[in-house]
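The chain contents come next:
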Amino acid sequence: LPKQCFVCGRTEDDKMDDHPIMENLKLTMGFHDFQGWPWPNVWLGTSVENQKYAEIRIPQLVSVPAVVHFLSCEPLLGPIDFNDIMPGGPSGPWTAPPDGSERRLNFLRDIEWIIAGGESGPNYRPMDPSWAREIRDQCKAAGAAFYFKQSNGSRSETNPTLDGREWRQFPT
């Protein structure tokens, strides 16, 4: 199996195509400079902490070709319904269908992997476990891999279980 390398800075971008036997995981919140894509060894992801940022970032993410598209829903700060995403965000640019109805899309069909978890540290913001359960259940229904990293708490790696078990799935 190829080794994986997590890339999050722009300075490492040039190195990704130099190592074709490695799977590079690129996490970004900006999709403005993706010339030369897709690279055959890059998994591309974005941070999505609540519904607002899901609606803004997921359409941008899936518009860029990648071997694997993934979401980092951490810190998870609110519920996310992947069946209820408007392209461009709640006030973003999109054109209503001619019949005047709102058009919402399920972008989870284009996502292969979701990592979810709460925030840690002395000033952590709480995560309701039901938010992670809802994401897990949506992943199951869509056939996407689900990885639960941790609950929230003052220490990192606080309770890596959800409903009594660890969820450590990876895309196949």
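Look up a bit, the structure's there.
Note that the structure is a prediction, hence the values are computed from the model and not measured. Position labels on residues start from 1 in each chain and follow its written sequence. In keeping with the predicted nature of the model, local features appear solely for residues at pLDDT of at least 70, side-chain atom pairs appear and are counted solely at 80 or more, and the whole-chain, interface and lining totals rest on all residues. Side-chain metrics rest on all non-hydrogen atoms present in the structure, leaving aside hydrogens and water.

Attention now goes to the packing of aromatic side chains. Stacked, tilted and edge-to-face pairs are distinguished by plane angle, under 30 degrees for stacked and over 60 for edge-to-face with tilted covering the rest, among Phe, Tyr and Trp rings (Trp via its six-membered ring) whose centres lie within 6.5 Å. What the rule picks out here adds up to six aromatic pairs. Judged by centre distance (5.6 Å) and plane angle (50 degrees), the rings of Phe70 and Trp113 are tilted. Here Phe70, found in strand β4 (residues 68-73), pairs with Trp113, found in strand β5 (residues 113-117); they are 43 residues apart in sequence, far enough to count as distant. Per-residue accessibility, obtained with a 1.4 Å probe over protein chains only, is compared with the maximum for each type, and a residue is labelled buried under 20%, exposed over 50%, and partly exposed between these values. Relative accessible area serves as the criterion here: at 5%, Trp113 is assigned to the buried category. Each ring, one from Trp113 and one from Tyr147, has its centre 6.4 Å from the other, and the planes form 90 degrees; the classification is edge-to-face. Each helix corresponds to a stretch of at least 4 residues labelled H or I by DSSP, and each strand to a stretch of at least 2 residues labelled E; elements are numbered beginning at the N terminus.

Let's shift gears to the pattern of salt bridges. Between Lys or Arg on one side and Asp or Glu on the other, a salt bridge is scored when a side-chain nitrogen of the former is within 4 Å of a carboxyl oxygen of the latter. Applying the stated criterion across every chain, the model contains seven salt bridges. Its salt-bridge partner being Arg125, residue Glu119 comes within 2.8 Å of it at the nearest N-O pair. A relative accessible area of 19% places Glu119 in the buried class. Look at Arg125 and you get partly exposed, because its relative accessible area is 41%. Between Glu166 and Arg168 there is a salt bridge, and its shortest N-O distance comes to 3.8 Å. On the accessibility criterion, Glu166 (44% relative accessible area) is partly exposed. Members of the salt-bridge network, linked through shared partners, are Arg133, Arg136, Asp137 and Asp163.

Within the secondary structure, His69 sits in strand β4. On the accessibility criterion, His69 (8% relative accessible area) is buried. Within the local environment of His69, its side chain forms a polar contact with the backbone oxygen of Asp110, the two atoms lying 3.5 Å apart. Contact between two residues is taken to exist if any of their heavy atoms lie within 4.5 Å; hydrogens are not considered. Not counting chain neighbours up to four residues away, the residues in contact with His69 comprise Leu44, Leu61, Val62, Val64, Asp110, Ile111, Glu112 and Trp113. By the criterion applied in these results, polar contacts are pairs of N or O atoms within 3.5 Å in which, for protein atoms, one can donate a hydrogen and the other can accept it, and in which residues neighboring in sequence qualify only through two side-chain atoms.

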